[in-house]
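Observations on the model geometry
Spelled out, the chains give:
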Amino acid sequence: MANKPLLQVKDAGIQFGGLKAVSGFNLEIHQGELIGLIGPNGAGKTTSFNLLTGVYVPTEGDIVFDGSRLNGLAPYQITRKGISRTFQNIRLFSEMTVLDNVKVAYHSLAKHSMLSSMLRLSSHFAGEKEIEEKALQFLRIFQLESYRDEIAKNLPYGQQRRLEIARALAAGPKLLLLDEPAAGMNPQETHQLMELIAFIRKEFQLTVLLIEHDMKLVMGICERIYVLDHGQLIAQGTPDEIRSHPKVIEAYLGEEVTSGDA
Ligand SMILES: Nc1ncnc2c1ncn2[C@@H]1O[C@H](COP(=O)(O)OP(=O)(O)OP(=O)(O)O)[C@@H](O)[C@H]1O
């Protein structure tokens, strides 16, 4: 592709003591793409997300997003640059309401100043109202509006996962990282999730990088897929190329990689 990638990871990696959890990781994602990141357990997928979001600082290589180098930036700075994520184990503010969970994401980016909020100036209230309206719009898209005053931890599991994505989106990302969004979902919820990801990508002109063990989901919606094994990139390509890639088949020996005809 001719235009510059939105995200470029160049030979990135991290070592914990003697263990190279990820090494020589290369990845390029262009604006608007929906890319999968797969690999067996312990392959380094979540560690890669942690490198992209500033949870870990790479001990090797470079991460460049939208023209700026991310190495060493704090997670909140990276969020402000336009990368949001969800987590493998849902991390909601479990004691807060559904609506407040989404509003929090806006507050972290809101334009009104701390001073106006302390002095309770009219601009603060205008800001609050706008934030609430925007948060409600997201709840509508995710069909969570009727749960708006429910405490997050009381939502059914599949809805909690949707709420986590809504909250990540509310931060207005250019790139959305989803860490096993279908984990724990039943087939019907997974199917709805696939449709939702396709919808929000179009609606918000998002670029999406998705870690997922559900091969039907990955093969069904991703244009390209990267495969990690033992912290190394072993393959990249279209779903068809990945299905028949010898190294991928070997890495997944005994597991199902071919059931992806969604
Ligand atoms: N903070 C850390 N300290 C030490 N080792 C770590 C740390 N974080 C990750 N690792 C190790 O890095 C390797 C990759 O782990 P990671 O969680 O990224 O794998 P994964 O591909 O996401 O696996 P899964 O599919 O099981 O979630 C593992 O061996 C893990 O134990």
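For the structure, see preceding data.
The shown structure was predicted, so the numbers you read here are calculated from the model rather than taken from an experiment. (Residues numbered from 1 in each chain as written. Predicted model: local features only at pLDDT ≥ 70, side-chain atom pairs only at ≥ 80, totals over all residues. Heavy atoms only, no water.)

One pass over the full model with this rule turns up two aromatic pairs. Taken together, a centroid distance of 5.0 Å and an interplanar angle of 75° make the contact between Phe-16 and Tyr-56 edge-to-face. Of this pair, Phe-16 sits in strand E1 (residues 7-16) while Tyr-56 sits in the loop between helix H1 (45-52) and strand E4 (60-65); the two residues are 40 residues apart in sequence, bridging distant segments of the chain. With relative accessibility at 28%, the residue Tyr-56 sits in the partly exposed group. Pairing Phe-138 with Phe-204 gives two aromatic rings, centres 5.5 Å apart and planes at 15°, and the pair type is stacked. (Phe/Tyr/Trp six-rings, centres within 6.5 Å; stacked < 30°, edge-to-face > 60°. Helix = DSSP H or I, 4+ residues; strand = E, 2+ residues; numbered from the N terminus. Buried < 20%, exposed > 50% of the residue type's maximum accessible area, 1.4 Å probe, protein only.)

This part takes up the pattern of salt bridges. The tally for this structure, following the rule as stated, stands at twelve salt bridges. Taking the shortest distance from any N to any O, the salt bridge between Asp-66 and Lys-174 comes out at 2.4 Å. Highlighted residues: Asp-66 in the loop between E4 and strand E5 (68-69) and Lys-174 in the loop between helix H6 (157-170) and strand E7 (175-179), separated in sequence by 108 residues. A relative accessible area of 40% places Asp-66 in the partly exposed class. Where Asp-149 meets Arg-148, a salt bridge forms, and the shortest distance between an N and an O atom there is 3.6 Å. A network of salt bridges, in which partner residues are shared, links Lys-103, Glu-132, Arg-148 and Asp-149. (Salt bridge = Lys/Arg side-chain N within 4 Å of Asp/Glu carboxyl O.)

Put simply, the largest pocket is a space of about 560 Å³. Together, 23 residues line the largest pocket, and Thr-79, Ser-84, Arg-85, Phe-87 and Arg-167 are the ones closest to its centre. When residues of the lining of the largest pocket are traced back to their parent elements, those giving at least two are helix H2 (75-81), strand E6 (83-85), helix H3 (98-107) and H6. Across the lining of the largest pocket, the residue classes tally to 13 nonpolar, five polar and five charged. (1 Å grid on protein atoms, 1.4 Å probe; cavity = no way out; pocket = protein on both sides within 12 Å on 5 of 7 lines; lining within 4 Å. Points joined across faces, edges and corners; volume = space filled by probe spheres on them. Nonpolar A, V, L, I, M, F, W, Y, C, P; charged D, E, K, R; others polar.)

A few words on empty space enclosed by the protein. This model, assessed by the stated rule, comprises one cavity of 30 Å³ or more. Of the pockets and cavities examined, the largest cavity occupies roughly 40 Å³. Residue lining of the largest cavity: Leu-51, Gly-54, Tyr-56, Val-57, Pro-58, Ile-63, Leu-70, Asn-71, Gly-72, Leu-73 and Ile-78, and that is the complete set. Grouping the constituent residues of the lining of the largest cavity by class yields eight nonpolar, three polar and no charged.

A few words now on the site of the ligand. Neighbouring the ligand are 15 residues, the closest being Gly-42, Gly-44, Lys-45, Thr-46 and Thr-47. Between the ligand and Asn-41 there is a distance of 3.3 Å, counted from an oxygen atom to a side-chain nitrogen or oxygen. Protein contact buries 64% of the 640 Å² of open area that the ligand shows by itself. Taken together, the elements giving at least two residues each to the shell around the ligand come down to strand E2 (19-29) and H1. For the shell around the ligand, the element with the most residues is H1, which contributes three residues. (Near = heavy atom within 4 Å. Polar contact = N/O pair within 3.5 Å; in protein donor to acceptor, adjacent residues only side chain to side chain. Areas by Shrake-Rupley, 256 points an atom, 1.4 Å probe, with all protein chains shown as cover.)

This is a description of form; function is not addressed.
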